[in-house]
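For reference, the chains in residue letters:
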Amino acid sequence: MTPMRLVETAPGKFSLLLYAGTAQVDELIEELGHEPNGYFWEGVARLLVSTEAPGLDERFSFDPEADMFCAYGTDRAALEELGTLMAAAATDPARMRALITSAKADGFEFDD
């Protein structure tokens, strides 16, 4: 799940984290006109859930910051699934380019 990290913050409570600047696709994201910060990655997560994993909708919450993406909740399996989806996007330039291109065509706005 690299560069994603899943941590148990308290018994039964989990956070899925991605620190800004640690993804292999950061330069590509910038080339495509976005800032690869926590808010951008929240947009990626929301896009992936809506297009590829609608069963994850509302199974966790988001709390990004400029330097970090964070999704959290008690459903470890849902966060693991999101982490797997996001890791694929964070490490594959072709996949990230396709996501951003598709989002733009559909009018999806990243909040970066």
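Numbers given for residues are sequential positions, taken from 1 along each chain in its written order. Totals for whole chains, interfaces and linings use every residue, but because this is a predicted model, local features are given only for residues with pLDDT of at least 70 and side-chain atom pairs only at 80 or more, for both listing and counting. The side-chain quantities take in all heavy atoms of the structure and omit both hydrogens and water.

A. Summary view of the pairing of strand E2 (residues 13-19). Summary of the burial criterion: residues with accessible area below 20% of their type's maximum are buried, those above 50% are exposed, and those between are partly exposed, where the area comes from a 1.4 Å probe applied to protein chains only. The way it works is that DSSP assigns letters per residue, a run of H or I at least four long becomes a helix, a run of E at least two long becomes a strand, and they are numbered from the N terminus. With 5 of 7 residues buried, E2 lies mostly within the body of the structure. Note that strand E1 (residues 5-10) and E2 share 5 bridges and pair antiparallel. Counted as the bridge partner of Ala10 is Lys13 from E2. Should DSSP find at least two bridges between two strands, the strands are taken to pair.

B. Local environment of the packing of helix H3 (residues 76-91) against helix H4 (residues 93-105). Axes here mean lines fitted to C-alpha atoms, for a helix over just the part in contact, with angles spanning 0 to 180 degrees between N-to-C directions. In contact at an axis separation of 5 Å, H3 and H4 are set at 105° when each is read in the N-to-C sense. Put simply, H3 runs roughly perpendicular to H4. Note on element contacts: H4 touches H3 through Pro93, Arg95, Met96 and Leu99, opposite Leu85, Ala88, Ala89 and Thr91. Lys, Arg, Asp and Glu make up the charged group, whereas Ala, Val, Leu, Ile, Met, Phe, Trp, Tyr, Cys and Pro make up the nonpolar group; the residues left over, Gly among them, are polar. Looking at the contact of H3 with H4 residue by residue, the classes come out as 6 nonpolar, 1 polar and 1 charged. For this classification, under 35 degrees means roughly parallel, over 145 means roughly antiparallel, 65 to 115 means roughly perpendicular, and everything else is oblique. Note on definitions: a residue-residue contact is assigned when non-hydrogen atoms from the two residues lie within 4.5 Å.

The quantities given are spatial measurements derived from coordinates; they are silent on function.
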